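Listed below are the residues making up each chain.
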Amino acid sequence: MNNFIVILCLSLISGINCDLDWWKTANVYQIYPRSFKDSDGDGIGDLNGITQMLPYLKDLGIQAFWLSPIFKSPMKDFGYDISNFYDIQPEYGSMEDFERLLATAHSLNLKVLLDFVPNHSSDENEWFVKSGEGDATYKDFYIWHPGKLDPADPKKKLPPSNWLSAFRGKAWKWHSGRGEFYLHQFSYQQPDLNYRNQKVVDTMKDVLRFWLKKGVDGFRVDAVPHLFEVETINGQYPDEAKSGNTDDPDDFGYLYHNLTQNLPETVEMVYQWRDVLDEFTNKDGNTRIMLTEAYTDIDILMQYYGNGIKNGSHVPFNFYMIMNLNNNSNAIDFYNNIKLWLDKMPTKCIANWVMGNHDQRRVGSRFGTHRIDLINMILNTLPGVSITYNGEEIGMTDVFLTWEQTVDPAACNAGPDKYQLFSRDPERTPFQWDNSTSAGFSTNSKTWLPVSPLFQQVNVKVQKNAPRSHLKVYRQLLRLRHTETLQKGSVEIRTHGQNVLSITRRLSGRDTYITIANIGGQRESIDLREIFSDRLIFHIVSVDSKRREGEAVDGYILQLNSYEGVVLKALADESFYKYTIIGEP
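Quick caveat, the model's predicted, so the values are computed rather than measured. (Residues numbered from 1 in each chain as written. Predicted model: local features only at pLDDT ≥ 70, side-chain atom pairs only at ≥ 80, totals over all residues. Heavy atoms only, no water.)

J.: Can you help me understand the overall build of the protein in this one?
T.: What the protein contains, in helices and strands, is 18 helices and 23 strands. The principal-axis extent of the C-alpha atoms belonging to the protein is close to 90 × 55 × 50 Å. In the protein, which comprises 585 residues, the proportion classed as buried is 61%. Put simply, of all contacts in the protein between residues at least 6 apart along the chain, 69% involve residues at least 24 apart. Summed over all atoms, the accessible surface of the protein reaches about 22,800 Å², with 48% contributed by carbon and sulfur. (Helix = DSSP H or I, 4+ residues; strand = E, 2+ residues; numbered from the N terminus. Buried < 20%, exposed > 50% of the residue type's maximum accessible area, 1.4 Å probe, protein only. Contact = heavy atoms within 4.5 Å. Areas by Shrake-Rupley, 256 points an atom, 1.4 Å probe, with all protein chains shown as cover.)

Structure follows, in structure tokens:
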């Protein structure tokens, strides 16, 4: 029985029939530089290693890749604490190395996106050092406050408010040199910039322009909701209310963050950054794109796209499949979260689909390795932009790390009893290229994070040579994304019972493609007449499927084993083949 169905004409919701700009149907691949490829044997990934492996991305069918921060940093938060926004982290290479990477990528027709971290800098950044010294230019570059008097000790100062850090504990740190507190919504080594100071706004726009002039094709923007905080009232910052979600007063979830996140000024700043990107787009017609990170209410996210007058983010990351789906989710849950975005998205905007990144447990660990292929099928046959975190194409899984091996500041701040709840290290371990030393990531047997013990079985070389593999399924999917049907066609999303999801992509005069995914653990059957009546063949099948590519579908009842995913194909020039149903004319 067909429980739910949504049919959308992409020409109406996205405008892509009229304008197939490069990014609107792209697969964007995230590279975590520290873990992708080490070219010099120090156990840390670098720019030359990435350059070396760009042909791999081209062969996959990737259109664009974004690099987690490569800027100069003391690495307290592994690049998200930037000490110089205009220079390259020496561990990763030099500016010349970056320029060579950029040129090589462009020669392969690969777009290069950088990670823009606007909310904060490192406390070792010259701006903050000078701000702490009271320098006239930088005095108000950050959020400073003298604090409150301690009633129990008039000589002591208390933090200005009860605001909390995302990395646990108070979001205020005393600066003995300046004699004031500064705000840090993440690590105390990451002081928040003051976006109510026009000098900060102008400086960060100049950072964007610097890299755009180098030739980059856009940016992923980090932690956007945190940009603005409420202004003081009579010189004081108000407290945030308790959420009631936890009894741990140091946990970020202990408070509502309505005074420190998602202020209206934040959306306006996104529009201003879009103007900077458009300056360069308008010069040569090559669209520079912006992808914005925000785990927030969907109605706020929709404002990131634009307001009808001003344009905003090309890709406000859609994290709802990350936030709302888990190992217990069924096809109806998948359907509801897909429909949520498509229903809310403004006209002529482009959808995007994300299931993993450097802050989230890997798909194979969250949903089980048996669901890797079908989830990649869903993400890559939906309309719009799909985003892949490096390693998901070969089904990498999380790596257990001991407390002694842990380096993530969020985990370190939690302590040895709770570190596993907060650690992002398990999904950041080195990429698995082959079965040689350190999985081919490095010639050094000691790497910055341990290599997965499964690397001999799960790596690119093994999967390239295997008759079937996650890598080969993924590569087929990205080839499929280049077809006119997936780029221009309509989309129909249905559930069949609780466990089976189907995505049908049609375009007049072109082949039709139907993704069918059995998300549940039981054998299921569906009546294909609910979807399509022409002859169908198996075009792509999951690794454990008993089907074969090119094999005809026999009859109209399709039996699916547990966790089986397939993409069916109907040839446009064979539409005269119809099923003859007994008892029907």
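Still more ground to cover, so stick around.
J.: Sorry if this is basic, but what is going on with the nonpolar core here?
T.: Considering soluble globular proteins, one finds that nonpolar side chains tend to be buried as a cluster. The biggest cluster of nonpolar side chains holds 137 residues, and the ones touching the most others in it are Tyr29, Phe65 and Ile378. Membership of the second largest hydrophobic core comes to 16 residues, among which are Ile516, Ile526, Val541 and Leu568. (Core = buried A, V, L, I, M, F, W, Y, C linked by side-chain atoms within 4.5 Å.)

J.: Explain helix 8 (residues 264–284) here, please?
T.: One full turn of an α-helix is made of 3.6 residues, so residues set three or four places apart face in the same direction. With 21 residues, helix 8 extends 32 Å from end C-alpha to end C-alpha; this agrees with the ideal 30 Å at 1.5 Å per step. Taken as a whole, helix 8 has its buried residues at Thr266, Val267, Met269, Val270, Tyr271, Trp273, Arg274, Val276, Leu277, Asp278, Phe280 and Thr281. The secondary structure elements touched by the buried residues of helix 8 are strand 6 (111–116), helix 7 (198–214), strand 12 (218–221), strand 13 (289–292) and helix 9 (298–305). Positive phi appears at glycine 285, one or two residues downstream of helix 8, with a value of about 80 degrees. (Expected span 1.5 Å × (residues − 1).)

J.: Honestly, the sheet that holds strand 11 (residues 180–183) in this entry has me stumped. Any pointers?
T.: The pairing of strands in a sheet comes from backbone hydrogen bonds and takes either a parallel or an antiparallel form. Spatial ordering of the open sheet is given by 7-11-10, a layout of 3 strands whose pairing is antiparallel. Edge strands, defined here as strands with exactly one partner in the open sheet, are strand 7 (144–145) and strand 10 (172–175). Alignment of strand 10 against strand 11, held across 4 bridges, turns out to be antiparallel. By the bridge assignment, histidine 175 is partnered in strand 11 with glutamate 180. (Pairing = 2+ DSSP bridges.)

J.: Hey, could you run me through the packing of helix 9 against helix 11 (residues 331–344) in this one?
T.: The packing of two helices is summarised by the inter-axis angle and the distance between the axes. The contact between helix 9 and helix 11 brings their axes to 10 Å, and the two run at 50 degrees. In this view, helix 9 runs oblique relative to helix 11, as classed from their interaxial angle. Considering only the axes of helix 9 and helix 11, their crossing is right-handed. Together, Ile298, Asp299, Leu301, Met302 and Tyr305 of helix 9 and Leu340, Trp341 and Lys344 of helix 11 make up the contact between the two elements. (Axes fitted to C-alpha atoms, helices over the stretch in contact; angles between N-to-C directions. Parallel < 35°, antiparallel > 145°, perpendicular 65-115°, else oblique. Left-handed = near helix turned anticlockwise from the far one by under 90°.)

J.: When you look at the side chain of asparagine 162 in this model, what are you seeing that I'm missing?
T.: Relative to the helices and strands, asparagine 162 resides in the loop between strand 9 (153–158) and strand 10. A polar contact is formed between the side chain of asparagine 162 and the backbone nitrogen of glutamate 240, at a distance of 2.8 Å. (Polar contact = N/O pair within 3.5 Å; in protein donor to acceptor, adjacent residues only side chain to side chain.)

In short, the description is geometric, and any link to function would need to be established separately.
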